[in-house]
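An overview of the molecular structure
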Amino acid sequence: MAAFTERMASVLLLWLAVCLSGTWAVDKGNFKTCDQSAFCKRQRALKPGESPYRALLETMELTNTRLTLQLINDNNKVRLLLELYRLQGNITRVKINELKPLKPRYEVPDVLIREPPTEPLSLLSQDENGVVLSLGAEYQRVIVSARPFRLDIMEGRDVLMSLNSRGLLAFEHLRMRKDTQADPEGEKKEEADPANQAETAKEEEEKVEDGMWEESFKSHADSKPSGPSAVSLDFSLPGVEHVYGIPEHADTLRLKTTDNGDPYRLYNLDVFQYELYNPMALYGAVPVMLAHNAQRTTGIFWLNAAETWVDISSNTAGKTVFGKMLDYVQGSSETPQTDVRWISESGIIDVFIMLGPTPKDIFSQYASLTGTQSFPPLSALGYHQCRWNYNDQKDVQEVDAGFDEHDIPYDFIWLDIEHTDGKRYFTWDPHKFASPKEMLQGLVDKKRKMVAIVDPHIKVDSNYKIHNEIRSRGFYIKNKDGGDYEGWCWPGSAGYPDFTRADMRAWWASMFAYDQYEGSMENLYTWNDMNEPSVFNGPEVTMHKDAMHGAWEHRDVHNLYGFYVQMATAEGLIQRSGGVERPFVLTRAFFAGSQRYGAVWTGDNAAEWDHLKISIPMCLSLGLVGISFCGADVGGFFKSPSSELLVRWYQTGAYQPFFRAHAHLDTPRREPWLFGPENTALIREVVRQRYTLLPYWYQQFYQAHQTGQPIMRPLWVEYPQDPATFAIDDEFLIGRDLLVHPVTEEGARGVTAYLPGKDELWFDVHTFQKHNGAQNLYIPVTMSSIPVFQRGGSIIPRKLRVRRSSTCMEHDPYTLYVALNPQRTAEGELYIDDGHTFNYEKKEFILRKLSFAKNILSSVNIAPDAQFSTRSWIERIIILGASKPSKVTLKTAGGQESQVEFEFDASMSVLTLRKPGMNAGVDWSVTLQ
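Turning next to the overall build of the protein. Looking only at helices and strands, one finds 15 helices and 53 strands in the protein. Whereas a compact globule of 929 residues would reach a radius of gyration of roughly 30 Å, the protein reaches 29 Å, a difference of no more than 12%. Viewed in the frame of its principal axes, the protein has a C-alpha envelope of about 90 × 80 × 50 Å. Across the 929 residues that make up the protein, the buried fraction comes to 63%. Here the analysis covers contacts within the protein between residues at least 6 apart in sequence; of these, 72% occur between residues at least 24 apart. When the accessible surface of the protein is split by element, carbon and sulfur atoms take 50% of a total near 33,600 Å². With 97 positive and 121 negative side-chain charges, the protein shows a spacing of 4 Å between the two charge centroids.

Encoded structure:
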């Protein structure tokens, strides 16, 4: 009988999956538009310029660290409490909550790495119209206008940002239900303070609209026990035409205006083969937007985990009515302006306004709030081979051998859901994967690793240890009636652990211990998929919003679920090694702060040219909001790529931070050697390029981990005053020094790349040809071309001896590529550690500054308190844009001097120094005479 039900379950699931995927295209009808989302429709119906909110200046209290002030809604007399903080590092925090809510409203925990440190606020002036406060730095101040309530942040005579300038602040207070339903909380009414409980004639007249107290979508009902609770606020950005961020959307890097369609939606959803160039929600949500012009970059971080919609419109600054206090500011009314409005279903308004002024300042401001990109093991930056599914141990062994046979390096092979015993995670199929440790040991012997999937939906089966433990500990999310919430996913009927609970996360982490996760070893890492969470038979393929996480509804916490799953999993991988080894965890769903726990990919894309193109802006957008470890399924998950598309995708993916090929169960096999010897050679070449550049990639990840700067960057981040860069999203920088313009057009004979910087030089990394910056360069391409340029003025380390995996290359020598700028100088860094433990936190690493000036190339220690030794040495130095020396002398730390052999290519001005031979971790200098 059990076998029959399991068979039936898989038949049903297959049918469900087919229904969901349809003809390989998203069924938009499965997902709400703003009009179908009652709170979005309600909020969007508000008219600008009619704000009912007024600041009650007599309630103002100013301490050294914060200002508090009550706001009143003159329509219903409900009072709100405004808190304003000046935070360290040029950030202003604004919180708005009900003064006396009927019950607490949700405030997002665990995303901020600490309570942000404050700086003093001081009062500059005050009258009956408002108050002016100093924000300390450079004539920065905030003006609070009373009627209607409005905030303006100014620097000198410039308005940087205005809040509620269009009067779209809305705060739906919690209230008793007044219609035919019984009042379950009636007894609380007596205790409530009449002044704040809007029990006024006015409020009685507030009409009950559809969707305020219950809502349905398709066959699903949402009981909305707390009634309407949406919050909304508008922001005006004078002088701004370009805004970015709020991933995840399959759209251009520069966000579009939403006046003629839906707002951008942030609501983590499992969307089968998503459509491109639209604002529909996808798997992750980071409520952070960056605004940029040639003078300044600013950012808005809207800390709310409920379903959120973001409207963007552009107009000219003169069209909004400035208060009397600001009249003197107004110059020409033709300044461009972008207006942004955030609308969330529940929670409070908690917004961090990051004032830059540079892009790099924004990244460090955001990192000071939510942390930086986790520092992955070096091997995770190599190539990953995945499909749904490698069939059994023999299949894994044959694919592994295929890479060696075809001389293609790789570090990780992946197992999808079919490796488990009937979709029970933390288990292995007893027939297909009967001896997992033997399989993993086979990979260890080749210095390779494996990733296995562990999803957060747990098969309801009393013979399954994990399910029994979670149920007996009461760790499952509950339905609205108090029973364990159950939905359909890959195993059939499944329960969903409540990852918002710290005790549940600690238990989950303990399940990764080697004695708990049978068959696991040190070289097995983890992939969290389906963690939006995906519920095949739920509304919009996700969880019912009235499901309960303790005292909170799922609607309050939805966008945090995947964040918590990855957090608990990463913690498990750290704990299993006694805190020694760095984890690697890939997640599909994410939120602000997810960067601290691992990598993200762009989900179920398709083998189409447009999906290849969109991978660039999708990863660029994630990098802007702190999540640097991003990639897309190489080749496309759905459908089958032509060999041309596959090769171009490998060429693109090899220059993106996370480099993994993946494919759907129903697609033909597509290991890199299955497309004929010519294509195998092209793929081999670009995978090998990835491996030669691992020292540079690793260094970029170290810097991102230290500073929060993105790794894969839009051009405008490094060239913030060049408007030509502001909308470019078909090319990108890796760090500062490599510019990549992948070929993403079918049948392309050439591409046009913009080389930025009027005083820059750019060197083609393949031919060493030199080009001037600030130009559009036409580059003829063949199938082997991947246009990549090194910036003049930079030094990039590579390892040219490519082996079967990154670990095999650990002690190999370096080649330094020195690209000179017009001033004939260059600089770079070399970072080395053990590649896999947390010992770098104990100062066990090498960090050296490499610089070339006045014909001397030198290496100096810039982390004198750090200790680490390496067996790697410098075997070659290639100087681009050089002139021919008469002799070359190496001087090492002990003062010994020796001559270095060299070759000079006069036609390309390339000087090659052969086998200088010094250790990579010591001081040395090379003089060209």
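Alright, that's what it looks like, and here's the rest.
This brings us to the sheet that holds strand β26 (residues 492-495). The pairing of strands in a sheet happens through backbone hydrogen bonds and is either parallel or antiparallel. A sheet is described by the order of its strands in space; here three strands give the open sequence β24-β26-β25, paired in antiparallel fashion. At either end of the open sheet lies a strand with only one pairing partner, and these are β24 (458-459) and β25 (486-489). In terms of strand pairing, β24 meets β26 through two bridges, oriented antiparallel. Directly across from I458, in β26, lies its bridge partner G495.

Averaged over the protein, the pLDDT score is 94; the fraction of residues at 70 or greater is 92%. pLDDT under 50 marks residues 1-23. Its contacts with residues more than four places away, or in other chains, come to 20 contacts. Note on residues 318-332: pLDDT is under 50 here. Beyond four places in sequence and across chains, it has 25 contacts.

Next up on the list: the state of the cysteines. All told, the structure shown has two disulfides when counted by the stated rule. Between C34 and C40 runs a disulfide, and the two sulfur atoms are separated by 2.0 Å. Since a negative S-S torsion denotes a left-handed disulfide, the C34-C40 link at about -100° is left-handed. Overall, the relative accessible area of 1% leaves C34 in the buried class. Residue classification places C40 among the buried positions, given a relative accessible area of 0%. Two residues share a disulfide in this structure: C619 and C630, whose sulfurs sit 2.0 Å from each other. With the S-S dihedral at roughly -75°, the linkage between C619 and C630 falls on the left-handed side. Of the two residues, C619 is situated in helix α11 (residues 609-624) and C630 in strand β32 (residues 630-631); the sequence distance between them amounts to 11 residues. Like C630, C619 is buried.

If you look at the biggest cluster of nonpolar residues, it comprises 176 residues, and the most contacted ones within it are F301, W508, F584, Y650 and Y655. The leading source of residues in this core is α11, at nine residues. Contacts of W508, omitting those with residues within four sequence positions, involve F426, V454, D455, P456, I458, F499, V565, A568 and T569. Judged by nonpolar contacts, the second largest core, of 50 residues, contains A55, I96, L163 and I300.

This brings us to the side chain of H249. Looking at the secondary structure, you find H249 in the loop between β14 (242-245) and β15 (264-266). A distance of 2.9 Å separates a polar atom in the side chain of H249 from the backbone oxygen of I246. Sequence-distant contacts of H249, defined by excluding residues within four places in its chain, comprise Y264, R265, L266, N278, P279, M280, L282 and M618.

Let's shift gears to the pattern of salt bridges. This model, assessed by the stated rule, comprises 63 salt bridges. The partner of E215 in a salt bridge is K32, and the shortest N-O contact between them spans 3.5 Å. Separated by 183 residues along the polypeptide, E215 in strand β11 (residues 215-217) and K32 in the loop between α1 (2-21) and α2 (38-44) bring together distant segments of the chain. The exposure classification of E215 matches that of K32, with both residues buried.

Moving on, we come to the sheet that holds strand β31 (residues 599-601). Strand order in this open sheet of nine strands is β32-β31-β30-β27-β23-β22-β21-β34-β33, and the pairing throughout is parallel. With one partner strand each, in any of the chains shown, β32 and β33 (633-634) form the two edges of the open sheet. Summarising the sheet, strand β27 (residues 524-528) and strand β30 (residues 585-587) pair through three bridges and their orientation is parallel. Paired with T526 across the two strands is V585, which belongs to β30. Contacting β22 (412-415), β23 (449-453) and β27, helix α6 (residues 436-444) runs over the sheet at an angle of about 140° to β23.

Time to look at unusual backbone geometry. The amide bond that connects P247 to the next residue, E248, takes the cis arrangement and shows omega of 25°. Tracing the backbone shows E248 in the loop between β14 and β15. Residue P533 is bonded to the preceding E532 through a cis peptide linkage, with omega at 5°. Inspection of the secondary structure assignment puts P533 in the loop between β27 and β28 (548-549). Although it is not a glycine, V541 sits at a positive phi angle of roughly 60°. Topologically, V541 is positioned in the loop between β27 and β28. V541 sits in the buried class, given a relative accessible area of 3%.

Let us now look at the pairing of strand β44 (residues 814-819). Among the six residues that make up β44, six are buried, leaving the element largely enclosed by the rest of the structure. What you see with β44 is no split at all: Y814, L816 and V818 on one side and T815, Y817 and A819 on the other are buried throughout. When strand β43 (residues 794-798) meets β44, the two strands line up antiparallel, connected through five bridges. Paired with P797 across the strands is L816, a residue of β44.

Moving on to α11. Its 16 residues give α11 an end-to-end C-alpha distance of 24 Å, which sits within 8% of 22 Å, the value for a rise of 1.5 Å per residue. A large share of α11 lies buried, amounting to 15 of its 16 residues. Positive backbone phi, at 95°, marks G626, one or two positions downstream of α11.

Mapped onto the elements, W552 comes out in strand β29 (residues 552-553). Residue classification places W552 among the partly exposed positions, given a relative accessible area of 28%. Taking the C-alpha atoms as reference points, W552 and E522, separated by 30 residues in sequence, lie 37 Å from one another. Every residue in contact with W552, bar those within four places of it in the chain, is listed here: P104, R105, Y106, A547 and V557.

Okay, the packing of α11 against helix α12 (residues 643-653) next. Viewed as axis vectors pointing N to C, α11 and α12 meet at an angle of 5°, and their least axial separation amounts to 10 Å. Taken together, α11 and α12 sit at an angle that is classed as roughly parallel. Residue-level inspection shows W609, H611, L612, S615 and I616 of α11 in contact with α12, the latter providing E644, L645, R648, W649 and T652. Tallied by class, residues from the contact of α11 with α12 come to five nonpolar, three polar and two charged.

Rules and cut-offs
Residues numbered from 1 in each chain as written. Predicted model: local features only at pLDDT ≥ 70, side-chain atom pairs only at ≥ 80, totals over all residues. Heavy atoms only, no water. Helix = DSSP H or I, 4+ residues; strand = E, 2+ residues; numbered from the N terminus. Rg over C-alpha atoms; globule rule 2.2 N^0.38 Å. Buried < 20%, exposed > 50% of the residue type's maximum accessible area, 1.4 Å probe, protein only. Contact = heavy atoms within 4.5 Å. Areas by Shrake-Rupley, 256 points an atom, 1.4 Å probe, with all protein chains shown as cover. Lys, Arg positive; Asp, Glu negative; His and termini not counted. Charge placed at Lys NZ, Arg CZ, Asp CG, Glu CD. Pairing = 2+ DSSP bridges. pLDDT = per-residue confidence, 0-100. Disulfide = S-S within 2.5 Å. Core = buried A, V, L, I, M, F, W, Y, C linked by side-chain atoms within 4.5 Å. Polar contact = N/O pair within 3.5 Å; in protein donor to acceptor, adjacent residues only side chain to side chain. Salt bridge = Lys/Arg side-chain N within 4 Å of Asp/Glu carboxyl O. Axes fitted to C-alpha atoms, helices over the stretch in contact; angles between N-to-C directions. Expected span 1.5 Å × (residues − 1). Parallel < 35°, antiparallel > 145°, perpendicular 65-115°, else oblique. Nonpolar A, V, L, I, M, F, W, Y, C, P; charged D, E, K, R; others polar.

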